[in-house]
Amino acid sequence: MNTLWQDVRYGLRLIRRNPGFTLVAALSLALGIGANTAIFTVVNAVLLRPLPFPEPEQLVMVWEDATFAGFPQNTPAPANFVDWQAQSRSFESMAALSEGSFNLTGDGEPEKIQAYRVTANFFPLLGVQPALGRSFLAAEDQPGANRVVMLSHGLWQRRFGGEPSVIGKDILLNGEKYRVIGVMPRGFQFLERYIGLWTPLALTAEERTERGSHYLKVVGRLKPGVTVAQANADIGAVMEQIARTYPNQAARIGAYVLPLREQLAGDIRRPLMVLLVAVGCVLLIACANIASLLLARAAARNREIAVRAALGAGRWRIVRQLLTESILLSGIGGALGLLFAVWSFAFLEQLIPPTMALTVSLEPDGRMLVFTLLISMLTGILFGLVPALQAARFNQNEALKQGSGRAVNLGSRRLRSALVVAEIALSLVLLVGAGLLIQTFHKLRQQYAGLRPENVLTMRTPLPQNKYAQPEQRTAFYDQVRARVGALPGVISVGYTTSVPLEWKGGTSGFVPENTQQPLPGLSYDANHRQVSADYLKTMGIPLRRGRYFDSRDQANSLPVAIINETMAREYWPNEDALGKRFKIGDPDSDVPWLTVVGIVADVRQMGLDAPVKAEMYQPYQQAKQQPWYAPRDLVIRTAVEPESLVAAVRREIRAIDPDQPISNIRTMDEILGEETQPRRLGMTLLAVFAGLALVLAALGIYGVLSYFVVQHTPEMGVRMALGAGRRDILALVVRKGLSLALLGIGAGVIASLGLTRLMQSLLFEVSANDPLTLAGVALLLLAVALVACLVPARRAAKVDPIVALRCE
């Protein structure tokens, strides 16, 4: 222990005596260790830390599998949920919830509040108690029972001032009184973060037998000892029995369970793993650079090490001393990296999935500190062990004879060159990954460029069913809003729709084409259903391919018409002209009117930026009386001025029509795209930053190796110049040395990237993981950077005075 303390004190003295080396090494390590610590903290918070529920590993979501219709994770029908509850044997309990919204009126401004209607056992199943009041009773989860509501902590604070006296009071939701019975704890979240209140689901007898409408979300708690695989087998068998019993409604529908952790984490697991690999590569490059510096410094310390050996120090004692210095250096880098990681939390919180935003926060904890300590120690050993072993293998007599410390063995030079090759290879892999993500982000955004989203203002005005029960009432409201808003200065056109693209990843209706005797194999006869105003498609900028848009002819009593997208036309009327064809929504034997196709418009991805385009139908809202749940809610305004400048005027016009009508979700279409692309943009930005950092470190590695090469070969260069070599020859010698290392690294990196980038395939859109243009572009960039890094030491070598160089001997 005494000798170890001596090693520590000597190591600290060396660190103080070499402030330049210490600063460069510590900062390099701080960036590498800090980035690893920061990304690990996100992984820990999202994927490893227990969820804030009792025994969270028993919580699962239960979904229908309607892959045949394009919905591999489909919301269950109420009747299927009822049968799952009754027949499954793997669940301790199972609860259902359905998302909706309420217009909160009364004191203050009218406000739309997103809500969940839940079964009475929902909160007990999760094991969550209200912070104030109580949760729902079974008697309250019945049709016609007294209306009760529970508030989120955020809504309670914002709207009701955090007053405990709100318990027992009535509030107005959609114009009806609801009694407040509870307030949920701060930070409580289940799935969506924007939920402001909960009411009982209270399924009616008719709803409990409904298998055609799929709108529930189902959560279950497994019995102790039951695995996810067993639950999947159980729920699959129940669904098979349902399909046999009700072949018309459930013949092709399956069911499966998904652990709640996987549900909440969503698609973030793969991007986080990519970022972990990226920061690991950055740390390896930093370690390679510092190892190279230590190899150079060890050569300069040959005489010191020889003296130690002459005084009785064994090889292990020398290795331990050098390793102690490396670990001290990594400890300083780790401390700085910890500060860097904590500083980055505010930015990295954007990586937390929205489904966990209220329950997960990035903050230092025991796991983070242990991770930082371990990675700091391992880093010190990683970059310090090889130089230490190399330094301990020397010829003691030769080292004592050499006063200048210039000599360095061939193995050390080769090792430093190999480290630079590895740095370049790792940098190329990161740069290729960043290039692929940049292309993906550009293509995702570019597919909506034709809509000119920056000039489109959207807002939501959902009409309460009890106040606007009749289609004529809804139509009158929409018509008045369009007329008044359309007359505002700066407004080009106005439209209404069920949902603008990307804002509702659902809303489909089954249909039957006329004269379809035998359904085409593999088709689901299911399409997105949007009720729109006549000017919506033109306002949104969706191009017309054939036929016509809706116009003033399409009124309630005129010929029922529809416009479909290209995918629907191609899939359901292959090798035919879809214009003029007719189809019926729902049962072909029902009295629902046939719809005539009068127009075909371009495909627009409604379900997600990279989700497959689904068949889609548009129907004039004046003619849509049978599907009130698809009634328009989103107002779309194309402007000739800054869209935000019209918000106050639009709000004023809507309030003039209905003073109690709330307005929400006020955003431009460009902002909607920005929110949708935000996770990919953040991942792309981080990977690009890490790749850029790796590129800089690799360039410094090349510079360091060539600088040392020039110092070691100064006498040789003097001899060459004395024998007639020109400055260009010396310049070419050094540049050739650097570029040969760069080419080796690029070759190794290309081979590595061909395999590793395939892990990113699921993150890419219309870009191949082995895109040749990206590989070629990155290779040329690395060559250019390597050339710049070579030129500085090469120019210095070319300026060597032969006489001074020869005196160095």
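The residue numbering used here restarts from 1 in each chain and proceeds along that chain's sequence as written. Predicted model: local features are reported for residues with pLDDT of at least 70 only, side-chain atom pairs are reported and counted for 80 or more only, and whole-chain, interface and lining totals are derived from all residues. The basis for every side-chain value is the complete set of heavy atoms in the structure, and neither hydrogens nor water enter the calculation.

Caption draft 1: Examining the packing of helix H15 (residues 471-486) against helix H18 (residues 647-657) more closely. In the contact formed by H15 and H18, the axes pass within 10 Å of each other and the chain directions differ by 145 degrees. You can see that H15 and H18 cross each other, and the crossing is right-handed. Contacts between H15 and H18 pair Phe 477, Gln 480, Val 481, Arg 484 and Val 485 from the former with Val 650, Glu 653, Ile 654, Ala 656 and Ile 657 from the latter. Each residue is assigned to one class: nonpolar for Ala, Val, Leu, Ile, Met, Phe, Trp, Tyr, Cys and Pro, charged for Asp, Glu, Lys and Arg, and polar for all the others, Gly among them. When grouped by side-chain class, the residues that make up the contact of H15 with H18 number seven nonpolar, one polar and two charged. Axis lines are fitted through C-alpha atoms, for helices just across the contact stretch, and the angle between N-to-C directions can take any value from 0 to 180 degrees. Secondary structure elements are defined from DSSP: runs of H or I of at least 4 residues count as helices, runs of E of at least 2 residues count as strands, and each element is numbered from the N terminus. A clockwise turn of the near helix away from the far one marks a right-handed crossing, whereas an anticlockwise turn of less than a right angle marks a left-handed crossing. Residue contacts are counted whenever heavy atoms from the two residues lie within 4.5 Å of one another.

Caption draft 2: Molecular detail of the environment of Asp 141. Its place among the elements puts Asp 141 in the loop between strand S5 (132-133) and strand S6 (148-151). A sequence separation of 61 residues divides Asp 141 from Ala 202, and the C-alpha atoms of the two residues are 4.5 Å apart. Setting aside residues up to four positions removed in sequence, Asp 141 forms contacts with Val 118, Thr 119, Ala 120, Pro 200, Leu 201 and Ala 202.

Caption draft 3: Up close: the pattern of salt bridges. The rule for a salt bridge is simple: a side-chain nitrogen of Lys or Arg has to be within 4 Å of a carboxyl oxygen of Asp or Glu. Applying the stated rule across the entire model yields 28 salt bridges. Close ionic contact of Glu 514 with Arg 582 constitutes a salt bridge, the shortest N to O distance being 2.8 Å. Note that Glu 514 is positioned in the loop between strand S14 (508-513) and strand S15 (526-532) and Arg 582 in strand S18 (residues 582-585), a separation of 68 residues in sequence. Accessible area is worked out with a 1.4 Å probe on protein chains only. A residue is then buried under 20% of its type maximum, exposed over 50%, and partly exposed in between. We classify Glu 514 as partly exposed; its relative accessible area is 29%. Classification of Arg 582 by relative accessible area gives partly exposed; the value is 29%. Among the ionic pairs, Glu 576 bridges to Lys 581, the shortest N-O distance being 3.0 Å. Judged by relative accessible area, Glu 576 falls into the partly exposed class, the value being 45%. One continuous salt-bridge network, built from bridges that share partners, spans Arg 460, Glu 503, Arg 633, Asp 634, Arg 667 and Glu 675.

Caption draft 4: Highlighting the packing of aromatic side chains. When the centres of two rings from Phe, Tyr and Trp lie within 6.5 Å, Trp using its six-membered ring, the rings pair. Their planes under 30 degrees apart give stacked, over 60 give edge-to-face, and anything left gives tilted. All told, the structure shown has 19 aromatic pairs when counted by the stated rule. A centroid spacing of 5.9 Å and a plane angle of 50 degrees characterise the contact between Trp 504 and Tyr 630, whose relative ring orientation is tilted. Linking Trp 504 in the loop between strand S13 (491-497) and S14 with Tyr 630 in the loop between strand S20 (616-620) and strand S21 (634-639), this pair joins segments that are 126 residues apart in sequence. We classify Tyr 630 as buried; its relative accessible area is 6%. A ring pair is formed by Tyr 525 and Tyr 572, whose centres lie 5.1 Å apart and whose planes are at 55 degrees; its orientation type is tilted. Here the residue Tyr 525 occupies a position in the loop between S14 and S15, and Tyr 572 occupies one in helix H17 (residues 566-572), the gap between them amounting to 47 residues. Three or more aromatic residues link up through ring pairs in this structure, and these residues are Phe 122, Phe 123, Phe 136, Phe 188, Phe 190 and Trp 198. Above the ring of Tyr 246, the side-chain terminus of Arg 211 is found at 3.8 Å from the ring centroid. For a lysine, the NZ atom is tested; for an arginine, the CZ atom; a charge sits over a ring if that atom is within 6 Å of the ring centre and within 35 degrees of the ring normal.

Caption draft 5: Representation of helix H5 (residues 153-160). Taken together, the buried positions of H5 are occupied by His 153, Leu 155, Trp 156 and Arg 159. Projection of H5 onto a plane perpendicular to its axis shows the buried side chains occupying an angular sector of 165 degrees, all on one side. Close packing links the buried residues of H5 with strand S3 (91-105), strand S4 (111-118), S5, S6, strand S8 (176-183) and strand S9 (197-200). Once H5 finishes, Gly 161 follows within two positions and takes phi at roughly 65 degrees, a positive value. In this description, the arc belongs to the directions extending from the helix axis to the C-beta atoms.

Caption draft 6: Representation of the packing of helix H3 (residues 78-87) against helix H6 (residues 228-245). Where H3 meets H6, the closest approach of the two axes is 10 Å, and the angle between their N-to-C directions is 125 degrees. On the basis of the axis angle, H3 is oblique to H6. Crossing handedness for the pair H3 and H6: right-handed. Taking contact as the criterion, the partners of Asn 80, Asp 83, Trp 84 and Gln 87 in H3 are, on H6, Ile 235, Val 238, Met 239, Gln 241 and Ile 242. Each angle receives one of four descriptions, namely roughly parallel if under 35 degrees, roughly antiparallel if over 145, roughly perpendicular if within 65 to 115, and oblique otherwise.

Caption draft 7: Region of interest: the pairing of S3. At least two DSSP bridges between two strands are required for those strands to pair. Pairing of S3 with strand S10 (residues 217-222) involves six bridges; the strand directions are antiparallel. Residue pairing in the sheet places Met 94 in a bridge with Gly 220 of S10. With eight bridges joining them, S3 and S4 adopt antiparallel strand pairing. Within S4, the residue paired with Leu 97 across the bridge is Val 118.

Caption draft 8: Region of the structure containing unusual backbone geometry. Backbone geometry at Ala 202 places phi at a positive 50 degrees, although glycine is not the residue there. The residue Ala 202 is located in the loop between S9 and S10 in this model. Even without being glycine, Arg 452 reaches a positive phi, approximately 50 degrees. With respect to the element layout, Arg 452 can be found in the loop between helix H14 (410-446) and strand S12 (456-460). When its relative accessible area of 43% is taken as the criterion, Arg 452 is described as partly exposed.

Caption draft 9: Region of interest: the environment of Leu 646. Mapped onto the secondary structure, Leu 646 falls in the loop between S21 and H18. The spatial distance from the C-alpha of Leu 646 to the C-alpha of Pro 489 is 8.8 Å, given a sequence separation of 157 residues. Leaving out residues up to four positions away in the same chain, Leu 646 has contacts with Pro 489, Gly 490, Val 491, Thr 639 and Val 641.

Caption draft 10: Structural detail: H6. What a helix is expected to span follows from its residue count: subtract one and scale by 1.5 Å. Between its first and last C-alpha atoms H6 spans 26 Å; for 18 residues at 1.5 Å apiece the expected length is 26 Å, and the two agree. For H6, the set of buried residues is Ala 231, Asp 234, Ile 235, Gly 236, Val 238, Met 239, Ile 242 and Ala 243. Buried positions along H6 lie against strand S1 (59-66), H3, S3, S10, helix H7 (247-250) and strand S11 (254-259).

Caption draft 11: How the structure looks around a nonpolar patch on the surface. Like-charged residues are merged into a patch within 9 Å and nonpolar side chains (Val, Leu, Ile, Met, Phe, Trp, Tyr) within 5 Å, provided each residue has over 30% relative accessible area and no salt bridge. Reported accessibility uses the Shrake-Rupley method at a 1.4 Å probe radius. Residues are deemed covered only where the shown protein chains occlude them. On the surface, Leu 23, Leu 27, Ile 332, Leu 336 and Leu 339 cluster together into a nonpolar patch covering about 450 Å² of accessible area. Sorting the residues of the nonpolar patch by element identifies helix H2 (19-48) and helix H11 (315-348) as the ones contributing at least two each. If one sorts the elements of the nonpolar patch by residue count, H11 sits on top with three residues. Tracing the backbone shows Leu 23 in helix H2.

Caption draft 12: Local environment of the side chain of Lys 584. Tracing the sequence through the fold places Lys 584 in strand S18. Throughout this description, a polar contact denotes any pair of N or O atoms lying within 3.5 Å of each other; where both atoms belong to protein, one of them has to be capable of donating a hydrogen while the other can accept it, and for residues adjacent in sequence the pair is counted only when both atoms sit in side chains. A distance of 3.3 Å separates the side chain of Lys 584 from the backbone oxygen of Val 592, its partner in a polar contact.

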